[in-house]
Amino acid sequence: SFDRDFGWTPAGAGSHTLRAVASAVDGTTAEDEVTVMVGEAAEFVANGSFEEGFLPITRGAVGNGWGWFINGGSAESGFYDETWAPVVYDGEHSQLIEISTYGLAETRPDRYAGIYQLLEGLTPGATYHLSLHGMLRVVDDDATADDYRLQWGFRPEYDTDWTSVDNWTVVPWDEVYPRLDPGAMLDYETTFEAPASRVTLFIRAWKKWATVEKELDLNLDAISVTGYRSGE
C-alpha cells in the first residue's frame, strides 16, 4: 500500500464521496472510496465552559442550557456552581456533581448523577469530536479509582430518559484525588457518529458498590462537541 496526496476543490458544502483507482503494470486495478463532509466546523454545546451562569434546581444548581438526573434514593446527590480554582479548567466556574452516602444506614450499588444537553444541527452519519475536562475527588482515605467512574453516552433526538442510553462509555481516568487536595484537571477526547440531526448528550458520575460514609465529587469543565454543521 502507499499514500498519495492530491488536490481537490469541493463544489459545495455537504457530503462528498471520493473514489481512488490505482492501476498496476499488469493491467489490474484496485479502488477505494471514502465519504467526507465539507463545511465550516461549529461548536454544538451551549455553556460548555459554565461561564454563562447556573440555574437553581431542587438539588443545588446546574449550568444554564443543561438538564440533570439522578437514579433515586440511597444517596444524597447535588449539583453546584463550583468556583474553587483548583477544580476549574478555564474561566471561573465548573459544574460540580456530588454523590454522598454519609449518614445513611444502608445504600445500594451503582449510584448515578449526571447532566445532559440537546445538540442540534448535526448531520446524520457525520463524525463529531467530543472533548471535556474534569476531575474525580473523594475523601482522603478512599482513593480507589475503580470504585468511581465518569461515563458519557448519547441518544438520537431529544430524549431526556438517561436509562434509555445503551452506549455508555467509560472515560478512562484512573486518577482519583483527595477531596481537598486535588491534582490537575484531566482531559478526554473522542469521536462519535451522529445518528440524527438532533442528539442528546449525557455525562454522568458513577459510584459503585453498596458502601456508606463515602462521597464522590465530580467536576466538569470545557465540554465541547465540534464538527460539520448542517445547513438544514
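In the block above lies the structure referred to throughout.
Residues numbered from 1 in each chain as written. Predicted model: local features only at pLDDT ≥ 70, side-chain atom pairs only at ≥ 80, totals over all residues. Heavy atoms only, no water.

*Asks:* Even after reading the chapter, I still don't get the overall build of the protein chain, so can you show me in this structure?
*Replies:* Scanning the protein chain for helices and strands turns up 0 helices and 16 strands. Going through the 232 residues of the protein chain one by one, you find that 46% of them count as buried. Nonlocal contacts in the protein chain, meaning residues at least 24 apart in sequence, comprise 73% of its contacts between residues at least 6 apart. Within the structure as shown, the protein chain displays about 11,900 Å² of accessible surface, and the carbon and sulfur contribution to it stands at 48%. Averaged over its 15 positive side-chain charges, the protein chain has a centre that lies 6 Å from the centre of its 39 negative ones. (Helix = DSSP H or I, 4+ residues; strand = E, 2+ residues; numbered from the N terminus. Buried < 20%, exposed > 50% of the residue type's maximum accessible area, 1.4 Å probe, protein only. Contact = heavy atoms within 4.5 Å. Areas by Shrake-Rupley, 256 points an atom, 1.4 Å probe, with all protein chains shown as cover. Lys, Arg positive; Asp, Glu negative; His and termini not counted. Charge placed at Lys NZ, Arg CZ, Asp CG, Glu CD.)

*Asks:* Teacher, can you tell me more about the side chain of Arg-137 here?
*Replies:* Along the chain, Arg-137 falls in strand β10 (residues 127–138). At 2.6 Å, the side chain of Arg-137 forms a polar contact with the backbone oxygen of Arg-179. (Polar contact = N/O pair within 3.5 Å; in protein donor to acceptor, adjacent residues only side chain to side chain.)

*Asks:* In this structure, what is going on with unusual backbone geometry? I would like to understand it.
*Replies:* Residues other than glycine predominantly adopt negative phi, and peptide bonds predominantly adopt the trans conformation. Positive phi values are uncommon outside glycine, yet Asn-47 reaches one of about 55 degrees. Looking at the element boundaries, Asn-47 is found in the loop between β3 (41–43) and β4 (54–57). Here Glu-213, not a glycine, exhibits a phi torsion of approximately 60 degrees, which is positive. Within the fold, Glu-213 resides in the loop between β15 (198–207) and β16 (215–228). Take Glu-213: its relative accessible area is 40%, and that puts it in the partly exposed class.

*Asks:* Just checking my understanding: could you explain the sheet that holds strand β12 (residues 169–171) for this structure?
*Replies:* Whether parallel or antiparallel, the strands of a sheet pair through hydrogen bonds between backbone atoms. Strand order in this open sheet of 5 strands is β6-β9-β15-β11-β12, and the pairing throughout is antiparallel. This sheet does not close on itself; its edge strands, each paired only once, are β6 (67–70) and β12. Here the average twist between neighbouring strands, direction ignored, is 25 degrees. Relative to β15, strand β9 (residues 111–120) runs antiparallel, the two being bridged by 10 bridges. Counted as the bridge partner of Ala-113 is Ala-205 from β15. (Pairing = 2+ DSSP bridges. Axes fitted to C-alpha atoms, helices over the stretch in contact; angles between N-to-C directions.)

*Asks:* I would appreciate a short explanation of the pattern of salt bridges in the present structure.
*Replies:* Side chains bearing opposite charge may pair, as long as their charged atoms lie close to each other. Evaluated as defined, the whole model comprises 8 salt bridges. Taking the shortest distance from any N to any O, the salt bridge between Asp-159 and Arg-155 comes out at 3.1 Å. Arg-155 sits in the partly exposed class, given a relative accessible area of 22%. A salt bridge links Arg-198 to Glu-157, with the shortest nitrogen-to-oxygen separation between them at 3.2 Å. Pair noted here: Arg-198 is in strand β15 and Glu-157 is in the loop between β11 (148–156) and β12, with a separation of 41 residues, a long-range link. Look at the salt bridges and you will find they share partners, linking Arg-19, Glu-31 and Glu-33 into a network. (Salt bridge = Lys/Arg side-chain N within 4 Å of Asp/Glu carboxyl O.)

*Asks:* Just checking my understanding: could you explain the pairing of strand β8 (residues 94–100) for this structure?
*Replies:* For a regular strand, side-chain orientation follows a simple rule: the groups alternate between the two sheet faces. The buried fraction of β8 is high, at 7 of 7 residues. Burial along β8 is two-sided: Ser-94, Leu-96, Glu-98 and Ser-100 and Gln-95, Ile-97 and Ile-99, pointing in opposite directions, are all buried. One ladder, built from 7 bridges, connects strand β7 (residues 76–82) with β8; its direction is antiparallel. By the bridge assignment, Phe-79 is partnered in β8 with Ile-97. Pairing analysis gives 6 bridges linking β8 to β16, with the strands arranged antiparallel.

*Asks:* Hey, could you run me through the pairing of β9 in this one?
*Replies:* In terms of burial, β9 is largely enclosed, as 8 of its 10 residues are buried. When β6 meets β9, the two strands line up antiparallel, connected through 4 bridges. Within β9, the residue paired with Phe-69 across the bridge is Gly-114.

*Asks:* Please explain the packing of aromatic side chains as it appears in this structure.
*Replies:* The description of an aromatic ring pair rests on the distance of the ring centres and on the angle between the ring planes. Applying the stated rule across the entire model yields 14 aromatic pairs. Seen in terms of ring centroids, Trp-152 and Phe-192 are 5.9 Å apart; in terms of plane orientation they differ by 55 degrees. Their pairing is tilted. Within this pair, whereas Trp-152 is found in strand β11, its partner Phe-192 is found in strand β14 (residues 186–193), the two being separated by 40 residues in sequence. By the ring-pair criterion, three or more aromatic residues cluster together here, those being Phe-69, Tyr-112, Tyr-116, Trp-162, Trp-168, Phe-202 and Trp-206. When the ring centre of Trp-168 is taken as reference, the NZ or CZ atom of Arg-204 above it lies at 3.7 Å. When the ring centre of Trp-206 is taken as origin, the NZ or CZ atom of Lys-208, which lies over that ring, is 4.6 Å away. (Phe/Tyr/Trp six-rings, centres within 6.5 Å; stacked < 30°, edge-to-face > 60°. Lys NZ or Arg CZ within 6 Å of the ring centre and 35° of its normal.)

Functional significance is not addressed by these values, which are geometric in nature.
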